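Listed here are the chains, written in short residue letters.
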Amino acid sequence: MSDDEADPELLELLRQHLQGKPNLRNDDPDTGVLEDARYVYDNAIDVAVQMRACKDAAAVLHAQMRAKEYSTASWGAHELHPDPAAMQGSNGFRRHGDGGGADAGEDEGDEESGDAATVAFIFTMDLLNFSFWSARKEPERRFAVEYRGKRWTGYWSMVAALRRALDEGIPITDSHFWQDEEACTLEVMKHVFRSCTDEEMPLLAERLACLREAGQVLYEKYHCHPLNLVLAANGSAAGLVNLLAEDFACFRDEHPFEGRKRPVRILKRAQIFVADLWACFHGAGYGAFRDIDKITMFADYRVPQILNSMGCLYYSPPLETAIRTGREIPSGSSWEVQLRACSIWCVELILKEIRQSHPDARVNAILLDFFLYDTIKEMEATGKETVPHHRTRSIWY
Ligand SMILES: Nc1nc2c(c(CN[C@H]3C=C[C@H](O)[C@@H]3O)cn2[C@@H]2O[C@H](COP(=O)(O)O)[C@@H](O)[C@H]2O)c(=O)[nH]1
């Protein structure tokens, strides 16, 4: 079996799962994220959840999501997100170094190559899906990526830069490239993520370190392709999150909290990787996860912002002042862990409210989170933000 082929035994397991055969492993694990979020919520003194506001938010959000028919299809509706069908034979998805052939050991032209390329793209995207906020006051001076005639900022600047790199023939989603220290250098990263303003994307060296580490782990354990990592989870969302946290230090988003023995697990990028696969493949194929509802909200800096602006999340006066004055909050600090974990718990409470009043609602924490993120981004684009987001610089979100 060549270095990159998906493991046939795992493929068989996946096929059985997809044909609805009895699940071979019905004792799916938990990620521990929700339990830890509850623990922090019960012990937080600087962040609290306003139940009345959560009930009101549940009604409003449910109505808005229904009106927009918000679903996994909304994910693919974003111009820059990959569409598996469109990825077949896309340039830049050829294996690095041999100039030809699709990923994951698929034969050239194999219909899977589009899916394999999409999994590789999403994995790369969520390896690098962190810390895009700018300290610049003037929006036009924030770092931005020019692509397809538009200026992209924030998360979209990263996605645009990856697409641009592939268009330029740079195999930025290929783990062989990530490990090639001659080809994949900090200079190349600066080129790939170059900004059309005089501000560079933050943490480029850290982003390169994430790619290097992921390339090494994929080489050692997953035949150099994230497809095999997805297959190894055997259709369990929580299983895939746990594999990421176990095998990749750069996905192990967990932090000590107030002397608690075990660190608090947040696992934001591990969880959003599973969610992006699920949404992109509409819950089928490589996005088929029988326990997808175990995935929680993704504790970033945007969703806490909208929860705070809706009155669902509120802060102690010193924390409120720190956020309003743009003071950086250290990664792993008690304030930051309270902010992130209470946001997870807050979204769960809103979700519970929606399900209680609308038992037939087809919503989970992923769709609610995606909708909240898209909503705060629309508010930002139309100058309707009422409170700032908190500022923490880290590789976790
Ligand atoms: N909780 C949550 N956090 C999300 C996303 C996304 C993008 N997801 C796409 C997929 C489906 C959705 O419809 C989106 O189109 C990025 N982020 C985080 O936000 C920050 C970037 O913010 P800004 O600098 O303003 O772009 C950064 O921490 C990034 O990791 C999300 O969905 N949920």
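The structure presented is a predicted model; accordingly, all values stated were derived computationally and were not measured.

Draft legend 1. The arrangement of the overall build of the chain in detail. When helices and strands are counted, the chain shows 16 helices and 6 strands. Here the chain, with 397 residues, has 58% of them falling under the buried criterion. For the chain, the proportion of contacts with a sequence separation of at least 24, taken over those separated by at least 6, is 77%. Accessible surface, the chain as shown: approximately 16300 Å² in total, 51% of it carbon and sulfur.

Draft legend 2. A look at the site of the ligand. Surveying the vicinity of the ligand reveals 23 residues, the closest of which are N129, K268, R302, D369 and K377. H78 has a polar side-chain atom sitting 3.1 Å from an oxygen atom of the ligand. In this structure, an oxygen atom belonging to the ligand sits 2.7 Å away from a side-chain N or O atom of K377. Notes on the ligand: free accessible area 660 Å², of which the protein chains cover 100%. Secondary structure elements with two or more residues in the shell around the ligand: α6 (154–167), α12 (268–280) and α16 (365–381). At 5 residues, the largest contribution of residues to the shell around the ligand is made by α16. Of the residues assigned to the shell around the ligand, the class counts are 12 nonpolar, 4 polar and 7 charged.

Draft legend 3. View of α16. The end-to-end C-alpha separation of α16 is 24 Å, in line with the 24 Å expected for 17 residues at 1.5 Å each. In terms of residue burial, α16 counts as a mostly covered element, since 14 of its 17 residues are buried. The backbone nitrogen of I366 has a side-chain oxygen 3.1 Å away, supplied by the residue at the start of α16, namely N364. Looking one or two residues past α16, G383 carries a phi angle of roughly 65°, positive in sign.

Draft legend 4. Seen up close, the packing of helix α2 (residues 33–43) against helix α15 (residues 334–357). At a closest axis distance of 8 Å, the pairing of α2 and α15 adopts a crossing angle of 110°. Considered as vectors, α2 and α15 are oriented roughly perpendicular to each other. α2 and α15 meet at a crossing whose hand is left-handed. Where α2 abuts α15, its residues V33, L34, A37, R38, V40 and Y41 lie against V337, Q338, A341, C342, I344, W345 and E348. For the contact of α2 with α15, the residue count by class is 10 nonpolar, 1 polar and 2 charged.

Draft legend 5. Up close: unusual backbone geometry. Phi angles above zero are rare outside glycine, and E69 is one such case at about 50°. Mapped onto the fold, E69 is located in the loop between α3 (51–67) and α4 (73–76). Residue classification places E69 among the exposed positions, given a relative accessible area of 66%. The residue H282 is not glycine, and still its phi comes out positive at about 50°. Residue placement: H282 occurs in the loop between α12 and α13 (303–309).

Draft legend 6. Main features of the packing of aromatic side chains. In the structure shown here, the tally under the stated rule is 14 aromatic pairs. With centroids separated by 6.3 Å and ring planes inclined at 50°, the aromatic side chains of Y301 and Y397 adopt a geometry described as tilted. Residue Y301 is located in the loop between α12 and α13, and its partner Y397 is located in the segment after α16; the two are separated by 96 residues in the primary sequence. For the pair formed by Y301 and Y397, the shared burial category is buried. Ring pairs connect the aromatic residues F123, W178, Y222, F248, F251 and F273, which therefore count as one cluster. Here the basic side chain of R260 rests over the ring of Y39, its NZ or CZ set 4.4 Å away from the ring centre. Over the face of the ring belonging to W133 we find R393, whose NZ or CZ atom lies 3.6 Å from the ring centre.

Draft legend 7. Spatial organisation of the confidence of the model for the chain. Counting all residues, the mean pLDDT for the chain is 90, and 87% of those residues have values of 70 or more. Note on residues 20–24: pLDDT under 50 across the span, and 5 contacts to partners over four residues away in sequence or across chains. Scored below 50 in pLDDT, residues 90–112 makes 53 contacts in the model with residues more than four places away or belonging to other chains. Interface predicted TM-score (ipTM) for the complex: 0.99; the corresponding pTM is 0.90.

Draft legend 8. Seen up close, helix α9 (residues 204–221). Compared with the 26 Å implied by 1.5 Å per residue over 18 residues, the 26 Å span of α9 between its first and last C-alpha is a close match. By the burial criterion, the buried members of α9 are L204, R207, L208, C210, L211, R212, A214, G215, V217 and L218.

Draft legend 9. Seen up close, the side chain of R164. With respect to the helices and strands, the residue R164 is situated in helix α6. Of the buried charged residues, R164 lacks a salt bridge, with E168 as the closest side chain of opposite charge at 4.5 Å. Within the structure, the side chain of R164 is placed 3.0 Å from the backbone oxygen of V192, a separation counted as a polar contact. Non-local contacts of R164, meaning those with residues more than four positions away in its chain, are made with V145, E146, Y147, H191, V192, F193 and R194.

Draft legend 10. Here's a closer look at the pattern of salt bridges. One pass over the structure, following the stated rule, counts 25 salt bridges. A salt bridge links R302 to E385; the nearest nitrogen and oxygen atoms lie 3.0 Å apart. With R302 in the loop between α12 and α13 and E385 in the segment after α16, this residue pair connects regions lying 83 residues apart in the sequence. Overall, the relative accessible area of 32% leaves E385 in the partly exposed class. Each of R142, R302, K377, E380 and E385 takes part in one network of salt bridges that share partners.

Reading guide: rules and limits
- Sequence order as written defines the numbering, with residues in each chain counted from 1.
- It should be noted that, the model being predicted, local features are given only for residues of pLDDT at least 70 and side-chain atom pairs only at 80 or more, the latter also being counted only at that level, while totals for whole chains, interfaces and linings use all residues.
- Side-chain measures here rest on the full set of heavy atoms in the structure, leaving out hydrogens and waters.
- The helix and strand labels rest on DSSP assignments: H or I over at least four residues marks a helix, E over at least two residues marks a strand, and numbering proceeds from the N terminus.
- The rule is simple: take the accessible area with a 1.4 Å probe, protein chains only, and divide by the maximum for that residue type; under 20% is buried, over 50% is exposed, in between is partly exposed.
- Contacts are assigned to residue pairs with any non-hydrogen atoms lying within 4.5 Å of each other.
- Each accessible area is a Shrake-Rupley estimate made with a 1.4 Å probe; only the visible protein chains count as cover when residues are assessed.
- Residues are labelled near a given molecule or strand when at least one of their non-hydrogen atoms is within 4 Å of it.
- Think of a polar contact as two N or O atoms within 3.5 Å of one another; within protein, one of them needs to be a possible hydrogen donor and the other a possible acceptor, and neighboring residues in sequence only count if both atoms come from side chains.
- For this scheme, ten residues count as nonpolar: Ala, Val, Leu, Ile, Met, Phe, Trp, Tyr, Cys and Pro. Four count as charged, namely Asp, Glu, Lys and Arg, and the remainder, Gly too, count as polar.
- One fewer than the residue count of a helix, multiplied by 1.5 Å, yields its expected span.
- Think of each axis as a best-fit line through the C-alpha atoms, taken over the contacting stretch in the case of a helix, with angles from 0 to 180 degrees between the N-to-C directions.
- Working rule for angles: under 35 degrees goes down as roughly parallel, over 145 as roughly antiparallel, 65 to 115 as roughly perpendicular, anything else as oblique.
- Two helices crossing with the near one rotated counterclockwise from the far one by less than a right angle form a left-handed crossing, whereas a clockwise rotation gives a right-handed crossing.
- Any two of the Phe, Tyr and Trp rings considered here, Trp counted by its six-membered ring, make a pair once their centres fall within 6.5 Å; the pair's planes then place it as stacked at under 30 degrees, edge-to-face at over 60, or tilted in between.
- When the NZ atom of lysine or the CZ atom of arginine is within 6 Å of a ring's centre and also within 35 degrees of its normal, the charge is said to sit over that ring.
- A score between 0 and 100, pLDDT records how confident the predictor is in each residue.
- Charge convention: Lys and Arg are scored as positive, Asp and Glu as negative, and His as well as the terminal groups of each chain are ignored.
- We count a salt bridge whenever a side-chain nitrogen from Lys or Arg sits within 4 Å of a carboxyl oxygen from Asp or Glu.

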